[in-house]
Amino acid sequence: MANESYTAKIESLPKIAKVLLFFFFGWILSSLYRVLRYTETKNTVTLVVGIVGFFVVGAILGIVDAVTEALDNKVALLAD
């Protein structure tokens, strides 16, 4: 548990908690999640989308992430 990553901690939350967090705080949480995911996967697209999300499309990412969490129980859009 001590070596668990931040994204793994977010993914281990109950489904309803993740949906609500992404819906209400998605403008920052979605972008932060992608930047943290980049540190694990080293996928450049994930980093770019995370950085752009901080400034441009963060609210849209939050809504999309809330929907994908509700349907698939994971953040699926550009977060590999």
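Refer to the structure above for everything that follows.
First, a word on scope: everything that follows refers to the structure included in this document. Computed from a predicted model, the values in this text were never measured in an experiment. (Residues numbered from 1 in each chain as written. Predicted model: local features only at pLDDT ≥ 70, side-chain atom pairs only at ≥ 80, totals over all residues. Heavy atoms only, no water.)

**Examining the packing of aromatic side chains**
Condition: The aromatic pairing rule takes the rings of Phe, Tyr and Trp, using the six-membered ring of Trp, and pairs them if the centres are within 6.5 Å, calling planes under 30 degrees apart stacked, those over 60 edge-to-face and the rest tilted. For the exposure calls, accessible area comes from a 1.4 Å probe over protein chains only, and a residue counts as buried if that area is under 20% of its type's maximum, exposed if over 50%, partly exposed in between. Charge-over-ring placement is defined geometrically: NZ (Lys) or CZ (Arg) within 6 Å of the ring centre, and within 35 degrees of the ring normal.
On inspection of all chains with the given rule, the structure shows two aromatic pairs. Plain terms: the ring middles of Phe22 and Tyr33 are 6.2 Å apart, the flat faces sit at 85° to each other, and that makes the pair edge-to-face. Accessibility classification places Phe22 together with Tyr33 in one group, the buried group. On the numbers, 5.2 Å between centres and 85° between planes, the contact of Phe23 with Phe24 is edge-to-face. Against the face of Tyr38 rests Lys42, its NZ or CZ located 5.6 Å from the ring centre.

**Describing the nonpolar core**
Worth spelling out the cut-off: Here, nonpolar core means buried Ala, Val, Leu, Ile, Met, Phe, Trp, Tyr and Cys residues that are tied together by side-chain atoms lying within 4.5 Å of each other. Only DSSP runs of H or I covering at least 4 residues are called helices, and only runs of E covering at least 2 are called strands; the numbering of each starts at the N terminus. Note on contacts: a residue pair qualifies if any of its non-hydrogen atoms lie within 4.5 Å across the two residues.
Listed in full, the eight residues of the largest apolar core are Ile10, Val19, Phe22, Leu29, Tyr33, Ala66, Val75 and Ala79. Ranked by residue count, the leading element in this core is helix α2 (residues 15-41), at four residues. Ignoring any residue separated from it by four or fewer positions in sequence, one finds Val75 in contact with Phe22, Tyr33, Arg34, Asp65, Thr68 and Glu69.

**Some remarks on the packing of α2 against helix α3 (residues 44-72)**
Stated formally: Lines are fitted to the C-alpha atoms to define the axes, a helix being fitted only along its stretch in contact, and any angle between axes, read from their N-to-C directions, falls within 0 to 180 degrees. Orientation categories follow fixed angle ranges, with anything under 35 degrees roughly parallel, anything over 145 roughly antiparallel, 65 to 115 roughly perpendicular, and all other angles oblique. Working rule for handedness: look at the near helix, and if it is turned counterclockwise from the far one by less than a right angle, call the crossing left-handed; if clockwise, right-handed. Under the grouping applied here, Gly and all other residues not named as nonpolar or charged are polar, the nonpolar ones being Ala, Val, Leu, Ile, Met, Phe, Trp, Tyr, Cys and Pro and the charged ones Asp, Glu, Lys and Arg.
Two numbers describe how α2 lies on α3: the axes approach to 7 Å, and their chain directions differ by 160°. Classified by the angle between their axes, α2 and α3 sit roughly antiparallel to one another. Where α2 crosses over α3, the handedness of that crossing is right-handed. A breakdown of the residues in the contact of α2 with α3 according to their chemical character gives 16 nonpolar, nine polar and six charged.

**Quick notes on the environment of Gly50**
Within the fold, Gly50 resides in helix α3. A sequence separation of 13 residues divides Gly50 from Ile63, and the C-alpha atoms of the two residues are 14 Å apart. Once you skip the residues sitting within four places of it in the chain, Gly50 turns out to touch Ser31, Arg34 and Val35.

**Looking at the pattern of salt bridges**
The condition that has to hold: A carboxyl oxygen of Asp or Glu within 4 Å of a side-chain nitrogen of Lys or Arg is what we treat as a salt bridge.
Counted by the stated rule, this structure contains four salt bridges. In this structure, Lys18 and Glu69 form a salt bridge, with 3.3 Å as the shortest nitrogen-oxygen distance. With a gap of 51 residues between them, Lys18 in helix α2 and Glu69 in helix α3 connect regions that are remote in the sequence. Neither Lys18 nor Glu69 differs from the other in exposure class; each is buried. A salt bridge links Arg34 to Asp65; the nearest nitrogen and oxygen atoms lie 2.8 Å apart.

**Notes on α2**
Since the α-helix packs 3.6 residues into each turn, any two residues three or four apart lie on the same face. Just so we agree on the cut-off: A helix's residues, less one, multiplied by 1.5 Å, set its expected span. Bending is quantified residue by residue as the angle between axes fitted to the seven-residue window ending at that residue and the seven-residue window starting at it.
When the terminal C-alpha atoms of α2 are compared, their 23 Å separation across 27 residues is substantially less than the 39 Å that a helix rising 1.5 Å per residue should span. The largest bend in α2 is about 110°, located at Gly26. Within the span of α2, buried status applies to Lys18, Val19, Phe22, Gly26, Leu29, Ser30, Ser31, Tyr33, Arg34 and Arg37. The inward-facing, buried residues of α2 abut α1 (6-11) and α3. Positive backbone phi, approximately 60°, marks Lys42, located one or two places after α2.

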